[in-house]
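What follows is the residue order along each chain.
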Amino acid sequence: MNLQQLRYVVATAEHRTMTDAARSLYIAQPALSRAIRDLERELGMTLFARSGRGVVVTAQGRRVVKLAKEALEAVSEIEALATSTHTGGGELRIASPPTLESGLAGRLLPAYVAEHPGVRVQIVRSDGRDGVVHAIREQRADLGLTDLPVPADLVSHPLERQEIVLISPPGLELPDTVPMIRLNGMRLILPPVGSARRREFDQLFATYGVRPIVAAETDERGGWHTVVRTAAASLLWYRGTAEQAVRAGLVVRSLDPPLRRVIALVHARRRLTVVAQDFLTLAETGRAL
């Protein structure tokens with residue numbers, strides 16, 4: 001078995017028809033069919049069974065396809081390693097919502113770039129956790145920085161726990177540490193109804209038996225301090241934004257009991273590129289966070 005045969009097996013499994021697989025490989029369909037038959041004869045097993053106009057992967061075939069994908073990914077990683085060794089460079093794409101960019105750009109990236117000056121790093125700005133997940137699934141990003149939880153098809157590497165605080169316009173008569181019950185009847189800016197983040201907030205409010213007044217619904221966090229002022233409402237967000245909030249003339253208060261969210265690097269369930277693995281290793285060792 002050679003690399004070309006491995007690619008034929010994976011393409012056929014992914015496309016489910018010989019015609020589509022052959023088209024993706026830029027070869028004639030009869031040639032692909034012969035190559036698959038020759039491989040099955042060489043291995044002494046049936047990888048694909050015909051079903052209507054297409055093919056289905058057999059039980060043995062599924063195992064072979066899995067191993068073939070791993071082998072091809074390993075070859076790609078070796079080629080990437082060789083390229084980065086010769087050029088001293090590479091590209092790393094990290095998806096992040098605006099609210100976590102300050103920690104990414106201010107702490108993680110400088111430490112990484114100092115050790116890997118030849119790597120070009122691109123921040124893929126994403127709209128909240130869902131945007132990060134989509135960027136990774138669509139392969140527009142190698143890694144994502146977001147709060148948990150994320151869907152089960154992604155792998156997460158927790159980095160830190162961030163406190164959730166109440167960010168309010170000036171003039172509200174509230175204690176320095178706000179009991180959760182005080183959120184009852186308070187004007188809050190919340191994510192849109194139906195979003196995953198809104199469901200999490202609604203569950204939180206139900207847990208503490210509070211019903212805030214929805215002053216505005218938005219997931220756009222880039223100009224959140226302006227929304228807090230114009231809507232004359234408060235916002236639940238991360239302690240990491242406190243400095244920016246204070247500069248904007250807003251008031252930051254802790255909650256009682258304290259709330260915390262886990263921030264993690266996430267990626268798809270496949271082998272990482274060398275530069276992405278290096279970044280993940282640096283972040284997990286705590287040298288930058």
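Note that the structure is predicted; figures quoted are calculated from it, not measured. (Residues numbered from 1 in each chain as written. Predicted model: local features only at pLDDT ≥ 70, side-chain atom pairs only at ≥ 80, totals over all residues. Heavy atoms only, no water.)

Q: What exactly am I supposed to notice about the layout of surface pockets here?
A: The gaps of empty space that remain are located by a probe, the size of a water molecule, rolled over the atoms. In this structure, the second largest pocket spans a volume of roughly 230 Å³. Around the second largest pocket sit 13 residues that line it, and Glu 200, Phe 201, Leu 204, Leu 259 and Arg 261 are the ones nearest its centre. If you list the elements that add at least two residues to the lining of the second largest pocket, you get helix H7 (196–208), strand S10 (234–238) and strand S12 (259–268). Partitioning the lining of the second largest pocket into residue classes produces 7 nonpolar, 2 polar and 4 charged. (1 Å grid on protein atoms, 1.4 Å probe; cavity = no way out; pocket = protein on both sides within 12 Å on 5 of 7 lines; lining within 4 Å. Points joined across faces, edges and corners; volume = space filled by probe spheres on them. Helix = DSSP H or I, 4+ residues; strand = E, 2+ residues; numbered from the N terminus. Nonpolar A, V, L, I, M, F, W, Y, C, P; charged D, E, K, R; others polar.)

Q: Is there a simple way to think about the domain arrangement of the protein in this case?
A: When the parts come together, some accessible area is lost, and that loss is often what is quoted as the size of the interface. What the domain assignment lists for the protein is domain 1 (3–83), domain 2 (90–160 + 263–285) and domain 3 (162–260). Summarising the inter-unit geometry, the C-alpha centres of domain 1 and domain 3 are found 52 Å apart. (Domains from an automatic or database assignment.)

Q: Any chance you could explain the nonpolar core here in plain terms?
A: General note: in soluble globular proteins, nonpolar side chains tend to be found buried as a group. Leu 92, Leu 166 and Phe 279 are the most contacted members of the largest nonpolar core, which totals 50 residues. Both of domain 2 (90–160 + 263–285) and domain 3 (162–260) provide at least three residues apiece to this core. Not counting residues up to four positions away in its chain, the partners in contact with Leu 92 are Tyr 112, Val 119, Arg 120, Val 121, Gln 122, Asp 142, Leu 143, Val 275, Ala 276 and Phe 279. (Core = buried A, V, L, I, M, F, W, Y, C linked by side-chain atoms within 4.5 Å. Buried < 20%, exposed > 50% of the residue type's maximum accessible area, 1.4 Å probe, protein only. Contact = heavy atoms within 4.5 Å.)

Q: What am I meant to see in the pairing of strand S9 (residues 213–217) here?
A: Strand residues, when the strand is regular, have side chains that alternate between the two faces of the sheet. Bridge count between strand S8 (residues 187–190) and S9: 4 bridges; the pairing is parallel. The partner of Leu 190 across the bridge, within S9, is Glu 217. Viewed along the sheet, the connection from S8 through H7 into S9 turns out right-handed. (Pairing = 2+ DSSP bridges. Right-handed = clockwise from strand over helix to strand, strands pointing away.)

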